[in-house]
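Observations on the model geometry
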Amino acid sequence: MGTHLPSTEFDGTAVDDQREADAEAVMGEPPAQMVQLLGPDGKLGFDPVFTGYAAKLTPQVLRGLYADMAAIRRFDVEATALQRQGQLALWVPLTGQEAAQIGSGRASQPQDYIFPTYREHGVALTRNVDLAELLRQFRGVSNGGWNPKDTNFHLYTLVLAAQTLHAVGYAMGIQRDQKLAAANAAASGTPVTEPDAAVIAYFGDGASSEGDVHESMVFASSYNAPVVFFCQNNHWAISVPTAVQTRVPLSNRAKGYGFPGIRVDGNDVIAVHAVTEWALEHARQGKGPVLIEAFTYRVGAHTTADDPTKYREAAEEDAWRAKDPLARLEKYLRAEGLADEAFFAKVKDDGDHLAAYVRRTTHDLETPDIRTAFANTYAEAHPLVAEELAWFEEYSAGFAGEEPAEEQDRQAATAQVSPKAGH
Ligand SMILES: Cc1ncc(C[n+]2csc(CCOP(=O)(O)OP(=O)(O)O)c2C)c(N)n1
Ligand SMILES: [Mg+2]
């Protein structure tokens, strides 16, 4: 171990310049040294390392990336509407981050294992998680929502950054399993059949301030674990801007741990795919961890319980809308003659079918019983929990005689949904 590690000598990075660059970037100016292949104008640029990876993407794969991004955006609008109609307790929108999620998810292989946060619906799609199943958790009828063993896509983690530790532990387990498999194969004179695997740990710019991220990066580096840290810098941690979390680009932090850090344009699905493919290869080949900072923007609210107009300017949102990940790939596909009108019409149609499926399935889900939440708080009965349940039951009884919940659901389901519901 060790020879592949970069020098730990300080290279004189100008902290104040970086901070200024980041502050500008919040308003829409891309910072220097960010990997970008497909610009907002829909034109493909060049990168000495990553163009080679992008060149492997066939027209069919590129159309697939577009179709995935459009599907998950349509799903996001639908889930937001379902929350507004009272069908879901909460929704966490992803609009604006489609390229970061679809590009990275599609670069993963089936044997890789993914640890998401709570916003990675696009990655879930690429791992074949049933999106209707995913909504069970947001309805409150399931403690998880899907079986992670089916797809190697772990359960959502709401405790910020906790999953980065789980991810590194899992990656260290992979390392040991592979060592054992190699030893067994050598002893029996047969080849290793299992493909090498890596782990992706997703987390946000806000979560990057958690001690868990620091600890997981120290362990990952010390043990050379096959893990890719994928930070979606969407510029906000609820109402706190990234500039408060860090004085340097987040990707720079990797240097302090002794592994590569790359900032990529998170709204450029081609660059995200290329950089993630490179990083996963690096990890699978035993070269250790990589930090990817996907520079993107949360276009909607933090959750359906949040109102971003209270803490940020419309001009900032508009500047980022101009860098929309779908619009730029559409421009490219049309300009290069890689997709026609019929393709885009079908994508829209497929999105509506997906939305109808998700709507139907959610309406069919049972109404959550709040007693289950109380019952699952501790393994054994607890007087405080019993007291809180008694309070809640008395409170709920105060609504007796009002419209039955089913009638409210029916009315809500038939109500008009604003086309702006996704924002
Ligand atoms: C340990 C912990 N502290 C605080 C919270 C409350 N909280 C939920 S989301 C959030 C902001 C996270 O921002 P970021 O990591 O940038 O992810 P994003 O929501 O932008 O995707 C906070 C503070 C939490 N869930 N867990
Ligand atoms: Mg964030």
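The following refers to the structure shown. It should be emphasised that the depicted structure is a prediction, and the values quoted were computed from it without experimental measurement. (Residues numbered from 1 in each chain as written. Chains lettered and ligands numbered in written order. Predicted model: local features only at pLDDT ≥ 70, side-chain atom pairs only at ≥ 80, totals over all residues.)

Regarding the sheet that holds strand S7 (residues 290-295)
Filter applied, for reference: Two strands qualify as a pair provided that DSSP identifies no fewer than 2 bridges between them. Secondary structure follows DSSP: runs of H or I at least 4 residues long count as helices, runs of E at least 2 residues long count as strands, and numbering of each begins at the N terminus. Axes here refer to lines fitted to C-alpha atoms; in helices the fit is confined to the stretch in contact. Angles between the N-to-C directions go from 0 to 180 degrees. Whether two residues are in contact is decided by their C-beta atoms, placed from the backbone, lying within 7 Å.
Strand order in the open sheet formed by five strands is S1-S2-S3-S7-S6, and the pairing between neighbours is parallel. Two strands in the sheet have a free side with no partner beyond their single neighbour: strand S1 (113-115) and strand S6 (261-265). Strand-to-strand twist across the sheet, computed as the mean angle between neighbouring axes with direction ignored, equals 20 degrees. As judged from the six bridges shared by strand S3 (residues 227-233) and S7, these two strands associate in the parallel manner. Following the sheet pairing, asparagine 233 is matched in S7 by phenylalanine 295. Along the sheet, helix H12 (residues 269-284) makes contact with S3, S6 and S7, crossing S7 at roughly 170 degrees.

Thoughts on the pairing of S7
Condition: Once C-beta atoms are placed from the backbone, each residue is buried if 20 or more other C-beta atoms lie within 10 Å of its own, exposed if 12 or fewer, and partly exposed for counts between those two. Consider the strands pointing away from the viewer: the crossover is right-handed when the path from the first strand over the helix to the second runs clockwise.
Across the six residues of S7, six count as buried, placing the element largely inside the fold. Judged by which residues are buried, S7 turns out to be covered on both faces: Val290, Ile292 and Ala294 on one side and Leu291, Glu293 and Phe295 on the other are all buried. With five bridges joining them, S6 and S7 adopt parallel strand pairing. Within S7, the position partnered with valine 264 by the bridge is alanine 294. This β-α-β element, S6 to H12 to S7, shows right-handed connectivity.

Points about the site of ligand 1
For clarity, the cut-off: Using the backbone to place each C-beta atom, any residue with that atom within 6 Å of a molecule or strand is considered near it. Nonpolar residues are Ala, Val, Leu, Ile, Met, Phe, Trp, Tyr, Cys and Pro. Charged residues are Asp, Glu, Lys and Arg, and all others, Gly as well, are polar.
Near ligand 1 there are 14 residues, and of these Leu160, Gly204, Gly206, Ala207 and Ala237 occur at the shortest range. In terms of residue class, the shell around ligand 1 is built from seven nonpolar, four polar and three charged.

Notes on the nonpolar core
Keep this limit in mind: In this description, a nonpolar core means buried residues of the types Ala, Val, Leu, Ile, Met, Phe, Trp, Tyr and Cys, linked to one another by C-beta atoms lying within 7 Å.
Val199, Ala201, Val227, Val228, Ala271, Val275 and Ile292 are the most contacted members of the largest nonpolar core, which has 90 residues in total. Considering every element that reaches this core, the biggest residue donor is helix H3 (residues 59-84), with 12 residues. Setting aside its immediate chain neighbours within four residues, isoleucine 292 contacts Val228, Phe229, Phe230, Cys231, Ile262, Val264, Val275, Thr276 and Ala279.

Details of helix H15 (residues 341-364)
How we decide: Helix span, expected: 1.5 Å multiplied by one less than the number of residues in the helix.
With 24 residues, H15 extends 35 Å from end C-alpha to end C-alpha; this agrees with the ideal 34 Å at 1.5 Å per step. Along H15, the residues that are buried comprise Val347, Ala355, Val358 and Thr362. If you follow the buried residues of H15, they end up packed against H3 and helix H6 (131-139).

A short note on the packing of H3 against helix H4 (residues 98-107)
Put simply, the rule is: Each angle is binned into one of four classes, with values under 35 degrees roughly parallel, values over 145 roughly antiparallel, values of 65 to 115 roughly perpendicular, and all other values oblique. Each helix crossing is assigned a hand: it is left-handed if the near helix lies turned anticlockwise from the far helix by less than a right angle, otherwise right-handed if that turn is clockwise.
Running from N to C, H3 and H4 point in directions that differ by 130 degrees, and their axes come no closer than 10 Å. Accordingly, the angle class assigned to the pair H3 and H4 is oblique. Considering only the axes of H3 and H4, their crossing is right-handed. For the pair H3 and H4, the contacting residues are Leu65, Asp68, Met69, Ile72 and Arg73 in the first and Glu98, Ala99, Ile102, Gly103 and Arg106 in the second.

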